Amino acid sequence: QVQLVESGGGLVQAGGSLRLSCAASGRTFSVAAMAWFRQAPGKERELVACISWSGSNTDYAASVTGGFTISKDSAKNTLFLQMNTLKPEEAAVYYCAVDPGSSQVRSQRGAYGYWGQGTQVTDYS
């Protein structure tokens, strides 16, 4: 089993920044794609950003391109999401996910077999 624990969420004003982290532990994989998804109340869970095993390839939802950056520290088994110039509509629960065995970026939600419990990002503008 893989355990994924997100942290870094909280209250943020429009235009503010947050940095989310996702610590992975448990079973290890030779390669794994990783991603951040988010789900707002009443909406489908959607991809925010994904990253390849090597970290050299990334993909972003069009709505966050230029404002968010996904990265990873493989030595520490940690995934990050730097979120800048946040908008009120980006308030949601943010989840990290792992797709074991994939070395490439994976944008499909169904590709990911392991999920964290999520961290809440709340707008207080």
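Scroll up to find the structure.
Here's a quick rundown of the structure. Computed from a predicted model, the values in this text were never measured in an experiment.

1. Details of the overall build of the protein
Reasoning step 1: Within the protein, the regular secondary structure consists of zero helices and 11 strands.
Reasoning step 2: The principal-axis extents of the C-alpha atoms in the protein amount to approximately 45 × 30 × 25 Å.
Reasoning step 3: Going through the 125 residues of the protein one by one, you find that 41% of them count as buried.
Reasoning step 4: Counting only contacts in the protein whose residues sit at least 6 apart along the sequence, the fraction spanning at least 24 positions is 61%.
Reasoning step 5: Within the structure as shown, the protein displays about 6300 Å² of accessible surface, and the carbon and sulfur contribution to it stands at 48%.
Reasoning step 6: If the 10 positive side-chain charges of the protein are averaged to one point and the 9 negative ones to another, these points end up 5 Å apart.

2. So, the packing of aromatic side chains
Reasoning step 1: Considering all chains together, one arrives at three aromatic pairs under this definition.
Reasoning step 2: Note on Phe-37 and Tyr-112: the rings are 5.5 Å apart at their centroids and 75 degrees apart in plane angle, and the pair reads as edge-to-face. With Phe-37 in strand S4 (residues 32-39) and Tyr-112 in the loop between strand S9 (92-100) and strand S10 (114-115), the pair connects residues that are 75 residues apart, well separated along the chain.
Reasoning step 3: According to the relative accessible area criterion, Phe-37 is buried, its value standing at 1%.
Reasoning step 4: We classify Tyr-112 as buried; its relative accessible area is 5%.
Reasoning step 5: Aromatic rings pair up to connect Phe-37, Tyr-112 and Trp-115 into one cluster.
Reasoning step 6: Over the ring of Tyr-95 we find Arg-45; its NZ or CZ atom is 3.7 Å from the centre of that ring.

Conventions adopted
- Residues numbered from 1 in each chain as written.
- Predicted model: local features only at pLDDT ≥ 70, side-chain atom pairs only at ≥ 80, totals over all residues.
- Heavy atoms only, no water.
- Helix = DSSP H or I, 4+ residues; strand = E, 2+ residues; numbered from the N terminus.
- Buried < 20%, exposed > 50% of the residue type's maximum accessible area, 1.4 Å probe, protein only.
- Contact = heavy atoms within 4.5 Å.
- Areas by Shrake-Rupley, 256 points an atom, 1.4 Å probe, with all protein chains shown as cover.
- Lys, Arg positive; Asp, Glu negative; His and termini not counted.
- Charge placed at Lys NZ, Arg CZ, Asp CG, Glu CD.
- Phe/Tyr/Trp six-rings, centres within 6.5 Å; stacked < 30°, edge-to-face > 60°.
- Lys NZ or Arg CZ within 6 Å of the ring centre and 35° of its normal.

Just distances and angles here, no functional claims.
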